[in-house]
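Each chain, written out:
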Amino acid sequence: TEVGDLLVFNMRSTVFRTRIPISSNGISSICLAKDNVVFVAGGDGTVKKLQGKDREWRILAETKIPGRIVSMDLSAKADSLVVGTPHGALYKLDTQNLKYLLASESHITKVNDVAFGKDPTIFATIAEDGLLRMWDLGKYRVLLTKKGSSAGRRVLIHDRRTEIIVGWADGSVHGYSQKNGKLAWQIPNAHRGAVTCMDIGQGNLITGGEDGAVRIWQIPEARLVTQYQAHTGAVGEVLADIAQAHLVHSYGASDRSIATFNAKKAQKVIAHMIQNGAFTSMTQRADSEQELVTGLSHGYILFWDCDEKNPVGNVLDQGRSRITAIALSPDCKYLAVSGVDNRLRVYDVKTMKVIARCEGHAGTVNRVLFSPDQRQLITVGSDAAICVWNWYA
């Protein structure tokens, strides 16, 4: 019952026999086992193992897991129970003594960003509910969890400082220790409105916000080095130039422009404009002419030489819809592209032919990223899913 009682009825006579109090917050699941054993789970995290019949029941074991239980099932061998919570956690319980361990956990709201450092086995994700997680890619387990006070928008791993940097919807930026998750430093009001993008250049933190500003910060002092009004609306992406780190590239989510800024001279170098649609994503090649690669709202992929105002190449993505995320492989031979069709496509950059198509998300793919060793691809989406794709090209 919703009160938390287990009621027993005689099926032949349809007569009520007894009431057994189990939980203080309702009963959510019941599993039957051999030898008249019943496992009962409650809304307060209680799991009890009972044995008996009719009016005679005794509790053989009981435990309490963190959070409310929403589902429970018995394994095929009947040696363990799997219990689920509304916070995305799965616990495995021994059926003999009900001792439990955390089997897995996941996000339950849309995942907005994913980041790698130099270590290909460690990555970080940030979700709309403010949950930051650091993951072990080899064992698919969570190494660190941190809860923010607002929605998480962007995340970076700073290898030199061994920190995870998070940009929040309330306009703040926080740096956390990778070892223990403790707050190392913060910028309370980095932007008016949400922090929409971040990058590292020359050891400094570069941020873009909903206010259209791009700001460069010295960390951990949280000292503002320089700033400029890059766009009329929100900044969609910021990139420190791969070859010349004092150059910063950014695009406006609504003003159809890419701006390149010289941080040393505090002046704009060049602007790239489009006539139709809007920029939705951007990355940069480390080879060739260090071209910028952008995804557009009408499905085109454009290549830009930083010294030329007009694009030097364009390709229509096979999804023929809004591009939501793009990423280059570390060797720049492959380009991963995702769109509102929830699919991922990988192109050979030399020929711009699709060499792989991936389907795994039930919602929009928000970010895509190659691991540093180029053996795997990570996608995160609005369906709260993190998909890991093996990539051994």
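Everything numeric here is computed off the predicted structure, so don't read it as measured data.

S.K.: Help me understand the sheet that holds strand β12 (residues 122-127) in this model?
M.R.: Within a sheet, adjacent strands bond to each other through the backbone by hydrogen bonds, running parallel or antiparallel. In spatial order, the strands read β11-β12-β13-β14; together these four strands make up an open sheet with antiparallel pairing. The open sheet terminates on both sides in strands that have one partner only, identified here as β11 (111-116) and β14 (141-147). Adjacent strand axes in the sheet meet at a mean angle of 20° when their direction is disregarded. For strand β13 (residues 131-136) and β14, the ladder comprises six bridges, and the chain directions are antiparallel. Residue pairing across strands places W135 opposite V142, the latter belonging to β14.

S.K.: For this particular structure, what's the right way to read the nonpolar core?
M.R.: As a rule of thumb, soluble globular proteins bury nonpolar side chains together. Core analysis: the largest hydrophobic core is formed by 15 residues, its most contacted members being F39, V47, M72, L81, L93 and L98. Breaking this core down by element, the ones donating at least two residues are β4 (37-42), β8 (80-84) and β9 (89-94). With sequence-adjacent residues up to four places away left out, M72 is seen in contact with S29, I30, C31, F39, V40, A41, V47, L81, V82 and V83. Membership of the second largest hydrophobic core comes to 14 residues, among which are L344, V346, A356 and W391.

S.K.: Before we go on, may I ask you to explain the sheet that holds β4 in this structure?
M.R.: The strand order across the open sheet built from four strands is β3-β4-β5-β6, with neighbouring strands paired in antiparallel fashion. Each edge of the sheet is formed by a strand with only one pairing partner; in this case those strands are β3 (27-32) and β6 (56-64). The sheet shows a mean angle of 20° between the axes of neighbouring strands, direction not considered. Summarising the sheet, β4 and strand β5 (residues 46-53) pair through five bridges and their orientation is antiparallel. Within β5, the residue paired with A41 across the bridge is V47.

S.K.: Explanation requested: the layout of surface pockets in the structure shown.
M.R.: In this approach, a probe sized like a water molecule rolls over the atoms, and the result shows the empty space that is left. Empty space within the largest pocket amounts to approximately 1300 Å³. Around the largest pocket, the lining comprises 42 residues; the ones closest to its centre are F116, L156, D199, L239 and L369. Within the residue set of the lining of the largest pocket, elements represented by two or more residues are β11, β15 (152-158), β19 (195-201), β23 (235-240), β27 (279-284), β31 (323-328) and β35 (365-370). Split by residue class, the lining of the largest pocket holds 24 nonpolar, nine polar and nine charged. G236, T280, T324, N366 and R367 are the residues nearest the centre of the second largest pocket, which is lined by 25 residues in total. Sorting the residues of the lining of the second largest pocket by element identifies β15, β23, β27, β31 and β35 as the ones contributing at least two each.

S.K.: Explanation requested: the pairing of strand β36 (residues 376-381) in the structure shown.
M.R.: One face of the sheet, then the other: side chains in a regular strand alternate in exactly this way. By the criterion of burial, β36 is predominantly enclosed, with six of the six residues buried. Burial along β36 is two-sided: Q376, I378 and V380 and L377, T379 and G381, pointing in opposite directions, are all buried. Where β35 and β36 come together, five bridges link them in antiparallel fashion. In the strand pairing of β36, V368 is matched with T379. Linking β35 to β36, which pair antiparallel, is a turn of five residues; within it Q374 sits at a positive phi near 60°.

S.K.: Which parts of the structure should I look at to understand a nonpolar patch on the surface?
M.R.: Together, L7, F9 and F16 give the surface a local cluster of nonpolar side chains, amounting to about 280 Å² of exposed area. On the secondary structure map, L7 appears in strand β1 (residues 5-10).

S.K.: I'm lost on the environment of N25 in this one. Help?
M.R.: By the element assignment, N25 lies in the loop between β2 (15-21) and β3. On the basis of relative accessible area, N25 is assigned to the partly exposed category, the value being 43%. Spatially, the C-alpha atom of N25 lies 6.3 Å from that of V3, the residues being 22 residues apart in sequence. Those residues in contact with N25, other than ones at most four positions away along the chain, are E2, G43, D44 and R68. One polar contact links the side chain of N25 to the main-chain carbonyl oxygen of G43, over a distance of 3.3 Å.

S.K.: Looking at this structure, I do not really get the state of the cysteines. What am I missing?
M.R.: Such a bond, covalent and formed between the sulfur atoms of two cysteines, is termed a disulfide. Applying the stated criterion to the full structure yields zero disulfides. Its sulfur unpaired, C197 is 17 Å from the next cysteine sulfur, which belongs to C306.

What counts and what doesn't
Residues numbered from 1 in each chain as written. Predicted model: local features only at pLDDT ≥ 70, side-chain atom pairs only at ≥ 80, totals over all residues. Heavy atoms only, no water. Pairing = 2+ DSSP bridges. Helix = DSSP H or I, 4+ residues; strand = E, 2+ residues; numbered from the N terminus. Axes fitted to C-alpha atoms, helices over the stretch in contact; angles between N-to-C directions. Core = buried A, V, L, I, M, F, W, Y, C linked by side-chain atoms within 4.5 Å. Buried < 20%, exposed > 50% of the residue type's maximum accessible area, 1.4 Å probe, protein only. Contact = heavy atoms within 4.5 Å. 1 Å grid on protein atoms, 1.4 Å probe; cavity = no way out; pocket = protein on both sides within 12 Å on 5 of 7 lines; lining within 4 Å. Points joined across faces, edges and corners; volume = space filled by probe spheres on them. Nonpolar A, V, L, I, M, F, W, Y, C, P; charged D, E, K, R; others polar. Patch = residues over 30% accessible without salt bridge, like charges linked within 9 Å, V, L, I, M, F, W, Y side chains within 5 Å. Areas by Shrake-Rupley, 256 points an atom, 1.4 Å probe, with all protein chains shown as cover. Salt bridge = Lys/Arg side-chain N within 4 Å of Asp/Glu carboxyl O. Polar contact = N/O pair within 3.5 Å; in protein donor to acceptor, adjacent residues only side chain to side chain. Disulfide = S-S within 2.5 Å.

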